[in-house]
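Each chain, letter by letter, is given below.
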Amino acid sequence: MRPEEVLERLKTQRIETPSWGYGNSGTRFKTFPAPGAARNVWEKIEDAAEVHRLTGIAPSIALHIPWDRTEDWERLKRFAEERGLRIGAINPNLFQEEEYKLGSLAHPDRKVRDKAVAHVLECIEIMRATGSRDLSLWLADGTNYAGQDHLRARKHRLREALERVYAALPAHGRLLLEYKFFEPGFYFTDLSDWGTAYAHCLGLGERAQVLVDLGHHAQATNIEAIVAFLLDEGRLGGFHFNARRYADDDLIVGTTNPFELFCIYTELVQAEEDPDPEVRRTAQEVAYMIDQSHNIEPKLEAMLYSVLNCQEAYAKALLVDYVALHQAQAQGAVLEAHRILMEGFRADVRPLLREFREGLGLPVDPIQAHRNSGYLQRVSAERGTASAGGGFPS
Ligand code: PSV
Ligand code: MN
Ligand code: MN
């Protein structure tokens, strides 16, 4: 693709940032409090707006219920809109209540399953008020011991609960089903891989789609192949971008995994240009979201860095000569095909991205602009340093 076309395509890119990335969050060992970290959903929206102001491509924020609370969701929506933001995916929390010891939607006791479904239905009401399209569901459901529960019974309970959730979605709402290969159940996980999530989505209906979190795979899993398959089947709903060395590390996307991120984007670019309109439509509707937990790094810089890494990966993927690539593939020219792909990865897109930002009146170096802006000093003075103790934010 020519550089002018790349610049046009870059204008269409969108990355959603997560509210939980702006508050104090960390590991289960310790959360280090950060001066100026957002203390509530209003401050998280202010921070997300700052990331969007500096990058121009992060116009929405995902919420996590009940970590994010308000009595007035309409007001929150307006508050976001006044700052150029939209409320994005709503994430129910089905893992922090005492009752969920044996699971939530797959729990053996119907009363607990009903409680979990009721919470998700409450989140669907919030979606209506905030105008959110996506309900993003990750379950901590699983077991620790062989024989602890009946695996097929759990599958049936989960499906039944998901059917109740799916039936309650707003007309154009989507259910994004997230899988993770282990944790907190170490013997068995109810939604452990993309195939399980995909099978449930097929059983539910078209608006149930799979969410791919980069941290939720075993080492050496080929995530771009999963992405390609789901795109082709019309079931790739969205991403949770992050980086992992071991498992669900939730580090800044593109730090340890820039090549993985690039390869994922090459699949998306090819799908955006596919002759099949269904594949193109699936690619256009993918929700690109970040799911990171910043503990030792400055939170806004971490988020800026993540968004910019996605932008860089997309720009590189756009530069690949796919016509030549497909020709080489058809000829079985193994290393020529590889070389053509690598031309994109090796391209230095920094001058192009500077041009892109200049063209839109954005700072050419958003991280430096943030450091110079005085934003962190101002919010640190206003918000102070909130105490933080445990792993997950409360
Ligand atoms: C837990 O693994 C997790 O990191 C999932 O990725 C969710 O998306 C996220 O927490 C927020 O609930
Ligand atoms: Mn996730
Ligand atoms: Mn995770």
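Owing to the predicted nature of the structure, the values given are computational and were not obtained by experimental measurement.

Draft legend 1. Up close: the environment of Gln 96. For Gln 96, the location among the structural elements is in the loop between strand S3 (86-92) and helix H4 (110-130). Among the residues examined, Gln 96 registers 11 C-beta atoms within 10 Å and is labelled exposed. For the pair Gln 96 and Ala 140, spaced 44 residues apart in sequence, the C-alpha separation works out to 9.4 Å.

Draft legend 2. Spatial organisation of the site of ligand 1. Close to ligand 1 lie Asn 91, Trp 138, Glu 178, Lys 180, Asp 213, His 240, Asp 248 and Asp 291, which account for all nearby residues. A per-class count over the shell around ligand 1 returns 1 nonpolar, 2 polar and 5 charged.

Draft legend 3. Main features of the environment of Val 364. Looking at the element boundaries, Val 364 is found in the loop between helix H13 (350-359) and helix H14 (366-373). Classification of Val 364 as partly exposed rests on a count of 13 C-beta atoms within 10 Å. Separated by 311 residues in sequence, Val 364 and Arg 53 have C-alpha atoms that sit 12 Å apart. Contact partners of Val 364, with chain neighbours within four places excluded, come to Arg 354, Arg 357 and Glu 358.

Draft legend 4. Representation of the UniProt feature "domain: Xylose isomerase-like TIM barrel" (unreviewed entry) in the chain within the structure. Mapped onto the present numbering, the UniProt feature "domain: Xylose isomerase-like TIM barrel" (unreviewed entry) falls at residues 70-247. Each end of residues 70-247 is marked by a C-alpha atom, and these two atoms are 33 Å apart; helix forms 39% of the span and strand 19%.

Draft legend 5. Geometry of the packing of helix H3 (residues 73-82) against H4. Contact pair H3 / H4: the axes reach a minimum separation of 8 Å and the direction vectors enclose 45 degrees. As summarised for this structure, H3 and H4 are arranged oblique, according to the angle between their axes. In the crossing of H3 with H4, the sense of the turn from one axis to the other is right-handed. Residues Trp 73, Glu 74, Leu 76 and Lys 77 of H3 touch H4, and the partners they reach there are Ile 126, Ala 129 and Thr 130. Per-class residue counts for the contact of H3 with H4 are 4 nonpolar, 1 polar and 2 charged.

The rules behind each value
- Numbering of residues begins from 1 in every chain and follows the order in which that chain's sequence is written.
- Written order determines the labels here, with chains lettered from A and ligands numbered from 1.
- In view of the model being predicted, local features appear only for residues whose pLDDT reaches at least 70, and side-chain atom pairs are presented and counted only at 80 or more, with totals across whole chains, interfaces and linings using the full set of residues.
- The numbering of helices and of strands both runs from the N terminus, where a helix is a DSSP run of H or I of at least 4 residues and a strand a run of E of at least 2.
- We call a residue exposed when 12 or fewer other C-beta atoms sit within 10 Å of its C-beta, buried when the count reaches 20 or more, and partly exposed for counts in between; the C-beta positions come from the backbone.
- By definition, a residue lies near a molecule or strand when the C-beta atom built from its backbone is within 6 Å of it.
- Each residue is assigned to one class: nonpolar for Ala, Val, Leu, Ile, Met, Phe, Trp, Tyr, Cys and Pro, charged for Asp, Glu, Lys and Arg, and polar for all the others, Gly among them.
- A pair of residues counts as a contact when their C-beta atoms, built from backbone coordinates, are within 7 Å of each other.
- UniProt positions are given in the numbering used here, feature names are shortened, and annotations may be inferred rather than shown by experiment.
- Note on method: axes are straight lines fitted to C-alpha atoms, helices fitted across the in-contact stretch only, with angles between N-to-C directions ranging 0 to 180 degrees.
- For this classification, under 35 degrees means roughly parallel, over 145 means roughly antiparallel, 65 to 115 means roughly perpendicular, and everything else is oblique.
- Left-handed describes a crossing whose near helix is turned anticlockwise from the far helix by less than a right angle; the clockwise case is right-handed.

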